[in-house]
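Residues per chain are reported as follows:
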Amino acid sequence: MPIESPEESSIEASIESPEGALARVRADLAAQLKQLNRPASAVTLIGVSKMVPVERIKLALAAGLRVFGENRIEEANAKWPPLKTAYNNIELHFIGTLQSKKAAQAVALFDAIHSLDRPRLARALAHEMHAQNRYPQLFIQINTGKEAQKSGVLPKDAKAFIQACRTDYGLTIDGLMCLPPVHEPPAPHFALLQKIAQDNDIRLLSMGMSRDYATALRFGATHIRLGTAIFGPRQPTKPQ
Ligand SMILES: *Cc1c(COP(=O)(O)O)cnc(C)c1O
């Protein structure tokens with residue numbers, strides 16, 4: 001940890017505690033679901049703790065949060081094994097781009113992987129799941145906005161890829177995930193993800209982030225991934 005400058009500590013002090021933010025998010029989620037006539041148990045709240053320091057994660061753990069999302073294997077491996085020893089029932093979701101060569105580490109640490117999007121990764125995960133006898137839930141990421149820089153299967157290729165995962169690699173596909181383009185209204189993307197899931201008999205929908213989860217819930221989201229809404233603003237990422 002860098003030494004805090006006075007400015008940094010005053011920023012820190014102005015940020016809400018994860019405990020308070022979590023209470024607010026939980027109340028809002030319950031109200032939204034009630035309005036939609038969906039049971040509270042229908043949705044899993046994933047606290048996205050990427051770039052969040054362990055001390056701050058511990059505050060969310062103290063407030064009872066047990067489901068967390070990370071997007072980098074190295075960071076997750078550094079932060080989570082000790083926390084898994086110290087706290088019961090932690091459930092970890094991998095939400096970042098996954099390199100096939102890191103499939104073994106992903107299968108070993110995570111309980112769900114939201115970013116399956118290519119045959120090579122499907123093969124690597126199938127191999128590791130058998131080898132480790134550990135079966136994380138699998139979500140296929142769909143690039144609903146057809147963005148060149150983004151991971152995910154194109155909507156037109158979804159059916160064939162889902163089929164290949166099932167028959168060629170023997171995988172159970174539990175859900176679909178999407179990350180709508182930042183500058184577009186998210187609703188059409190959530191609707192498309194819901195449609196692809198229905199057409200392919202897929203049960204779970206990982207969609208909705210801090211600013212659009214209310215919309216995602218209307219389209220049947222079963223997993224919402226909230227970072228900023230729980231932990232506050234993150235440090236900016238280094239350009240890749
Ligand atoms: C960072 C991230 C989130 C959380 O984003 P917020 O806007 O902070 O809620 C959700 N999903 C993925 C895939 C992410 O990378």
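For clarity, every value in this text was computed on a predicted model and none was experimentally measured.

A few words on the packing of aromatic side chains. According to the stated counting rule, one finds 2 aromatic pairs in the structure shown. With centroids separated by 5.2 Å and ring planes inclined at 75°, the aromatic side chains of Phe 94 and Phe 110 adopt a geometry described as edge-to-face. Of this pair, Phe 94 sits in strand 3 (residues 91–94) while Phe 110 sits in the loop between helix 5 (103–109) and strand 4 (112–116), and the two are 16 residues apart along the sequence. Here Phe 94 matches Phe 110 in class, with each residue buried.

This brings us to the site of the ligand. Neighbouring the ligand are the residues Val 48, Lys 50, Ile 95, Leu 179, Met 209, Ser 210, Arg 225, Leu 226, Gly 227, Thr 228 and Arg 234. Here an oxygen atom of the ligand and a backbone polar atom of Gly 227 are 2.9 Å apart. A distance of 2.8 Å separates an oxygen atom of the ligand from a polar side-chain atom of Arg 234. Contact with the protein chains removes 89% of the 390 Å² of surface that the ligand exposes when unbound. Taken together, the residues that form the shell around the ligand break down as 5 nonpolar, 3 polar and 3 charged.

Now for the side chain of Thr 222. With respect to the element layout, Thr 222 can be found in the loop between helix 9 (213–218) and strand 8 (223–226). Thr 222 sits in the buried class, given a relative accessible area of 10%. Discounting chain neighbours no more than four positions away, the residues touching Thr 222 are Arg 38, Ala 42, Val 43, Thr 44, Arg 203, Leu 204 and Leu 205.

With that settled, the discussion passes to helix 7 (residues 158–167). Residues Ala 158, Phe 161, Ile 162, Ala 164 and Cys 165 constitute the buried set of helix 7. Around the axis of helix 7, the buried residues are gathered within 160° of arc, so they sit on the same side. The exposed residues of helix 7 that point more than 90 degrees off its buried face are Ala 160 and Thr 167. For helix 7, the secondary structure elements touched by its buried residues are strand 4, helix 6 (119–132), strand 5 (137–141), strand 6 (175–177) and helix 8 (187–199).

Conventions used here
Residues numbered from 1 in each chain as written. Predicted model: local features only at pLDDT ≥ 70, side-chain atom pairs only at ≥ 80, totals over all residues. Heavy atoms only, no water. Phe/Tyr/Trp six-rings, centres within 6.5 Å; stacked < 30°, edge-to-face > 60°. Helix = DSSP H or I, 4+ residues; strand = E, 2+ residues; numbered from the N terminus. Buried < 20%, exposed > 50% of the residue type's maximum accessible area, 1.4 Å probe, protein only. Near = heavy atom within 4 Å. Polar contact = N/O pair within 3.5 Å; in protein donor to acceptor, adjacent residues only side chain to side chain. Areas by Shrake-Rupley, 256 points an atom, 1.4 Å probe, with all protein chains shown as cover. Nonpolar A, V, L, I, M, F, W, Y, C, P; charged D, E, K, R; others polar. Contact = heavy atoms within 4.5 Å. Arc of directions from axis to C-beta.

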